[in-house]
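Letter by letter, the chains look like this.
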Amino acid sequence: MRSSKKAQMKIQQMAFMLVAVMIFFAMVAIVYFTITSSKLRDTADDLREEEAKELARQMAGTPELMFSKQASPYSSSVDFDKAFALSKMNVYKNKYWNLDYLMIEKVYPSSINEDCTSGNYPDCRYLILIDNTRGNYTGTQTAPVAIVWWDPKLESIGNYRFQLGRIHALAHDPTK
Amino acid sequence: MTPQNRINKKAQEEMVGFVLIMLVVAIMFLVFLGIYLRDAAKTHETEGKDVASFLEAITKFTIECDYIGASSPLSDLILECDASSISTCSSGEKKCDVLRNTLNQAINSSWNFNENSPTKAYFMDVFKETDKGEKALFNSTPITSGILTNNIRAAEKPFSKGIILRLEIYY
């Protein structure tokens, strides 16, 4: 009787010990998975952002904006003169590219902080091709591009001038 | 030893054994945590498509160096800086200095570097790979600004004669 009671005590002790160890390892696993899942969330956010930026980069390669007057390596540049002409045409402002916002910005050297119009082109900074955002630019992605325009003052007879620019694009949100 | 003392001693031994086991497990946990955190503190560098696009764009940048109204791309200036570190533009400024200043200004125009913005600092280097190792083109001083962190987005653009333009943006 005494020995069976002793054995029961031992079993109880073992059970409590196992429960304590399991709780301990469960806490360790919770901490580990919390840290891992937050890292995964950061990676997913980075991937989503890269995908959206790819849209901006792709816009620079469309035939309507691409500088095609010389062979590569200039073909990945945005033709600013072409883009300015396009900005005057209404057909590109609506669902042609499925964008709510498309703008090309002259980054360096910086120009006067004005939107491009017939009166100030090419001494302007922002060339807006599409703006259907009603002031809400949340989610706009940008990508650096080379912009090129004809400068009649270069080389005394005129030549193409390459500058550093940035293309801003916001995909159309069909829910809005 | 009385039976009661024997029982007490045994109970104490059991408790000490339990505490020792917990101690060993806790030490193992701390060791693994230390290894994991040390790995997390290492520098993480990823290829930055934005940075690559910037390098692609800036190397086409028109520089008026040989004379006012001249037009040559920045990539030509890099090759000229490599060919001769003392050659000058028509303004009297050294070509390597013009190159360095242009790159510096272009980077600062493209990104905002301060404590409150996501981009904290940048590091740019133009170097040439030779048999004896790397040779920097800007008086052995890469362009750098801000506080360097562990998260880097970087890209390189190769030119002829083994010249490489490398830009690192620190987040």
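Keep in mind the model is a prediction, meaning the values are calculated, not measured. (Residues numbered from 1 in each chain as written. Chains lettered and ligands numbered in written order. Predicted model: local features only at pLDDT ≥ 70, side-chain atom pairs only at ≥ 80, totals over all residues. Heavy atoms only, no water.)

1. Concerning the nonpolar core
When a protein is soluble and globular, its nonpolar side chains tend to lie buried together. Filter applied, for reference: What is meant by a nonpolar core is a set of buried Ala, Val, Leu, Ile, Met, Phe, Trp, Tyr and Cys residues, joined one to another through side-chain atoms within 4.5 Å. Only protein chains enter the calculation, and the probe is 1.4 Å; a residue is then buried if its accessible area is under 20% of its type maximum, exposed if over 50%, and partly exposed in between. The numbering of helices and of strands both runs from the N terminus, where a helix is a DSSP run of H or I of at least 4 residues and a strand a run of E of at least 2. Between two residues, a contact is recorded if the distance between any of their heavy atoms is within 4.5 Å.
Membership of the largest hydrophobic core comes to 35 residues, with the highest contact counts inside it found for B:F54, B:I78 and B:L167. Those elements that provide at least two residues to this core are β2 (99–108) of chain A together with α2 (49–58), α3 (74–83), α4 (95–110), β4 (121–130) and β8 (163–170) of chain B. Per-element tally for this core: the top contributor is α4(B), with six residues. Residues in contact with B:I78, not counting those within four places in the same chain, are B:L99, B:V126, B:L137, B:F159, B:I163 and B:L165. If you look at the next biggest cluster of nonpolar residues, it comprises 26 residues, including A:V78, A:L86, A:I104 and A:Y121.

2. Structural notes on the domain arrangement of chain B
Quick note on the threshold: Annotation comment: domain bounds sourced from an automatic or database domain assignment.
According to the domain assignment, chain B contains domain 1 (1–42) and domain 2 (44–170). Between the C-alpha centres of domain 1 of chain B and domain 2 of chain B the distance comes to 57 Å.

3. Comments concerning the packing of aromatic side chains
The following threshold applies: Aromatic rings from Phe, Tyr and Trp, taking only the six-membered ring of Trp, are treated as a pair when their centres fall within 6.5 Å; an angle between ring planes under 30 degrees marks them as stacked, one over 60 as edge-to-face, and anything in between as tilted. Counted as over-ring charges are cases with an Arg CZ or a Lys NZ within 6 Å of the ring centre that also lie within 35 degrees of the ring normal.
In this structure the tally under the stated criterion is eleven aromatic pairs over all chains. For the pair A:F80 and A:Y121, a centre-to-centre distance of 5.7 Å together with 20° between the ring planes defines the contact as stacked. Of the two residues, A:F80 is situated in helix α2 (residues 80–87) and A:Y121 in the loop between β2 and β3 (126–131); the sequence distance between them amounts to 41 residues. A:Y121 carries the same exposure label as A:F80, and that label is buried. Here a set of aromatic residues connected by ring pairs shows up, and it is made of A:F67, A:W150, A:Y160 and A:F162. Taking the ring centre of B:Y171 as reference, the NZ or CZ of B:R153 above it sits at 4.6 Å. It is B:K157 that lies over the ring of B:F159; its NZ or CZ is 5.8 Å from the centre.

4. Examining the pairing of strand β7 (residues 151–158) of chain B
Residue and element names in this part refer to chain B. We count it as follows: Strand pairing is defined by DSSP finding a minimum of two bridges between the two strands.
Here β7 pairs with β8 via seven bridges, running antiparallel. Bridge assignment links A155 to a residue of β8, and that residue is L167. Joining the antiparallel neighbours β7 and β8 is a turn of four residues, in which K161 adopts a positive phi near 65°.

5. Describing the interface of chain A and chain B
The test is simple: Buried area counts how much accessible surface, traced with a 1.4 Å probe, disappears from two parts once they are put together, with both parts' losses summed. What makes a salt bridge here is a side-chain nitrogen of Lys or Arg within 4 Å of a carboxyl oxygen of Asp or Glu, nothing more. Polar contacts, as counted here, are pairs of nitrogen or oxygen atoms within 3.5 Å of one another; within protein the pair requires one atom able to donate a hydrogen and one able to accept it, and residues that are adjacent in sequence qualify only if both atoms are side-chain atoms.
If you look at the interface, chain A gives 36 residues, while chain B gives 28 residues. Carbon and sulfur atoms make up 57% of the surface buried where chain A meets chain B, a total of about 2,800 Å² over both sides. At the boundary of chain A with chain B, the tally comes to three salt bridges. Ionic pairing is found between A:K10 and B:E14, a salt bridge with its closest N-O pair at 3.4 Å. Where chain A packs against chain B, one counts eight residue pairs in polar contact (both at pLDDT 80 or more). Those elements giving two or more residues to the side of chain A that touches chain B turn out to be α1 (2–59), β2, β4 (141–151) and β5 (159–171) of chain A. The greatest single-element share of the side of chain A that touches chain B, amounting to 14 residues, is contributed by α1(A).

6. Some thoughts on the pattern of salt bridges
Residues and elements named next belong to chain B. All chains considered together, the criterion is met by eleven salt bridges over all chains. Here D82 ties to K128 by a salt bridge, and the two come within 3.2 Å at their closest N and O atoms. Highlighted residues: D82 in helix α3 and K128 in strand β4, separated in sequence by 46 residues. Note on accessibility: D82 and K128 belong to one class, buried. Here E168 ties to R166 by a salt bridge, and the two come within 2.8 Å at their closest N and O atoms.

7. Here we look at the side chain of B:T119
Residue and element names in this part refer to chain B. Mapped onto the fold, T119 is located in the loop between α4 and β4. Among the polar contacts listed, one links the side chain of T119 to the backbone oxygen of N112, at a separation of 2.5 Å. Apart from residues no more than four positions distant in its own chain, T119 is found in contact with W111, N112, F113, N114, I169, Y170 and Y171.

8. As for the sheet that holds β2(A)
Spelled out, the test is: To obtain each axis, a line is fitted to C-alpha atoms, and for helices this fit is confined to the stretch in contact; angles are then taken between N-to-C directions over 0 to 180 degrees.
Spatially, the five strands line up as an open sheet ordered β1-β4-β5-β2-β3 (chain A), and their pairing is mixed. Looking at the sheet topology across the chains shown, the edges are occupied by β1 (78–79) and β3 of chain A. Strand direction decides the pairing type here: β1(A) and β4(A), joined by two bridges, are parallel. Each bridged residue has a counterpart across the sheet, and for A:V78 the counterpart in β4(A) is A:I147. Against the sheet, α2(B) engages β4 and β5 of chain A, with an angle of about 10° to β4(A). Where α4(B) meets the sheet, its contacts fall on β2 and β5 of chain A, and the angle it forms with β2(A) comes to roughly 150°.

9. Here we look at a nonpolar patch on the surface
In plain terms, the rule: Residues with no salt bridge and a relative accessible area higher than 30% make up the patches, which join like charges within 9 Å and nonpolar side chains (Val, Leu, Ile, Met, Phe, Trp, Tyr) within 5 Å. The Shrake-Rupley method, run with a 1.4 Å probe sphere, supplies the accessible areas, and residue values consider only the shown protein chains as cover.
On the surface, B:V16, B:L20, B:L23, B:V24, B:I27, B:M28, B:V31, B:F32 and B:I35 cluster together to form a nonpolar patch covering roughly 880 Å² of accessible area. Structurally, B:L23 can be placed in helix α1 (residues 3–40).

10. Here's the deal with the side chain of A:R125
Residues and elements named next belong to chain A. Tracing the chain through its elements places R125 in the loop between β2 and β3. Polar side-chain contacts of R125 include one of 2.7 Å to the side chain of E105. Reaching out from R125, the side chain makes a polar contact with the side chain of Y126 at a distance of 3.5 Å.

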